[in-house]
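The chain contents come next:
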Amino acid sequence: MKILLDTHALLWALLEPQKLSENARGILEEPSNTLFVSSASAWEISTKYRLGRLNGAKDVVEEYRKAST
């Protein structure tokens with residue numbers, strides 16, 4: 001299955017996985033699923049970081065970079 005994550009789901013998965021339901025975590029962890037993230041999420045994350053609303057932004061950016069290569 002192809003899964004498009006919105007920015008909040010991406011941030012929760014990377015920084016606070018306990019905020020995702022057990023079902024959502026299972027879907028994200030299923031090896032046969034392909035996860036996608038919009039390039040708009042990079043813009044949203046950078047905006048949140050610039051406004052001081054995102055703890056751990058450096059980690060998120062690094063994970064995003066790894067995932068996009």
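The rules we used
- Residues numbered from 1 in each chain as written.
- Predicted model: local features only at pLDDT ≥ 70, side-chain atom pairs only at ≥ 80, totals over all residues.
- Heavy atoms only, no water.
- Axes fitted to C-alpha atoms, helices over the stretch in contact; angles between N-to-C directions.
- Helix = DSSP H or I, 4+ residues; strand = E, 2+ residues; numbered from the N terminus.
- Parallel < 35°, antiparallel > 145°, perpendicular 65-115°, else oblique.
- Left-handed = near helix turned anticlockwise from the far one by under 90°.
- Contact = heavy atoms within 4.5 Å.
- Nonpolar A, V, L, I, M, F, W, Y, C, P; charged D, E, K, R; others polar.
- Buried < 20%, exposed > 50% of the residue type's maximum accessible area, 1.4 Å probe, protein only.
- Polar contact = N/O pair within 3.5 Å; in protein donor to acceptor, adjacent residues only side chain to side chain.
- Core = buried A, V, L, I, M, F, W, Y, C linked by side-chain atoms within 4.5 Å.

(A) Representation of the packing of helix α1 (residues 7-15) against helix α3 (residues 39-50) within the structure. Relative to each other, α1 and α3 sit at 70 degrees, their axes nearing to 10 Å. When the interaxial angle is binned, α1 and α3 end up roughly perpendicular. Both α1 and α3 take part in a crossing whose hand is right-handed. Across from T7, H8, L10 and L11 in α1, the residues of α3 making contact are S41, E44, I45 and K48. For the contact of α1 with α3, a count of residues per class yields three nonpolar, three polar and two charged.

(B) The side chain of T7, seen in detail. Along the chain, T7 turns up in helix α1. Among the residues examined, T7 registers a relative accessible area of 4% and is labelled buried. Among the polar contacts made by the side chain of T7, one reaches the side chain of E44 at a distance of 2.6 Å.

(C) Looking closely at the nonpolar core. In this structure, I3, L5, A9, L10, L11, L20, L28, I45 and L54 together form the largest nonpolar core, which totals nine residues. At the level of elements, β1 (2-5) and α1 are the ones that each hand at least two residues to this core. Residue contributions to this core peak at three residues, all from α1.

Keep in mind that these numbers describe shape and distance, not what the molecule does.
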